[in-house]
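A structural walkthrough
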Amino acid sequence: MPVHVLNQTKSLKAIHSVIRHRDTSHSLFVFQANRLIRLILEKCFELLPYQPYEVRTPIGELYEGQQVSKPLCAVSVVRAGESMEYALSSILAGFPIGKILIQRNKVTKLPHLYYAAFPEDIADRYVLLLEPMLATGGSAIMAVRELLERGVPEHNIIFANVLTSPEGLARLESTYPNLTIVTSSVEKRLNEEAFMVPGIGDFGDRYFGTTRQGAAHGQA
């Protein structure tokens, strides 16, 4: 399975230092998270197949450019995945966004599908699957399975992700070897409660400002 981890530059680590800090304010967290998500999505766009595209400039000359060789759409895993839509809209406009709601049982840790809505022609598109956290891998596996059942080829899916656990990565790789993953960091491990270490807290809660608990605890 192709796994692309962003180059661990000083600038990237500076962003991580802000968004991982438990005392970072909500506004600063959102600002830096949007910066990071855009870097991840730009990497996703680099990996898409392109074809020649010739355009005429305002002075009448031809420019031999490129364009994505197939229509694109995004599918965000509600709700944390919706945090990635803002950065995506700043890169590309006029594309459909599907939604999928999967929640993990707090006791069994198993995912359950509650809702899915996709473009009718999703089987004919490249799909950017948006989900900031890959911990145990259960939700990601269920989301990919839903896309495959709608006719999307596995190799046409790019999973855009902020943090990835080694355990979740291994599980996803064994299940969907032709899936492509783009992430900004592979974490050290999962703890006994299936939280990523060192982690970032509850990404969705911290991004949307709905609780203060995410700054103190892990994100599964």
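Refer to the structure presented above.
Rules and cut-offs
Residues numbered from 1 in each chain as written. Predicted model: local features only at pLDDT ≥ 70, side-chain atom pairs only at ≥ 80, totals over all residues. Heavy atoms only, no water. Pairing = 2+ DSSP bridges. Helix = DSSP H or I, 4+ residues; strand = E, 2+ residues; numbered from the N terminus. Buried < 20%, exposed > 50% of the residue type's maximum accessible area, 1.4 Å probe, protein only. Contact = heavy atoms within 4.5 Å.

Brief notes about the sheet that holds strand 10 (residues 163-164)
- Strand order in the open sheet formed by three strands is 8-10-12, with parallel pairing between adjacent strands. At either end of the open sheet lies a strand with only one pairing partner, and these are strand 8 (133-134) and strand 12 (185-186).

Observations regarding the environment of Thr136
- Within the secondary structure layout, Thr136 lies in the loop between strand 8 and helix 4 (138-149).
- For Thr136, a relative accessible area of 22% translates into the label partly exposed.
- The spatial distance from the C-alpha of Thr136 to the C-alpha of Tyr63 is 47 Å, given a sequence separation of 73 residues.
- Those residues within four positions of Thr136 in sequence are excluded, and the remaining contacts are Arg104, Gly168, Arg171, Leu190 and Ala194.

Points about unusual backbone geometry
- Arg79 follows Val78 through a cis peptide bond whose omega is 5°.
- A cis amide bond, omega 5°, links Val197 with the succeeding residue Pro198.
- Structurally, the position occupied by Pro198 is in the loop between strand 14 (196-197) and helix 6 (203-208).
- In the Ramachandran plot, Ala194 falls in the positive-phi region, its phi being about 65° despite a non-glycine side chain.
- Within the element layout of this structure, Ala194 appears in the loop between strand 13 (189-190) and strand 14.

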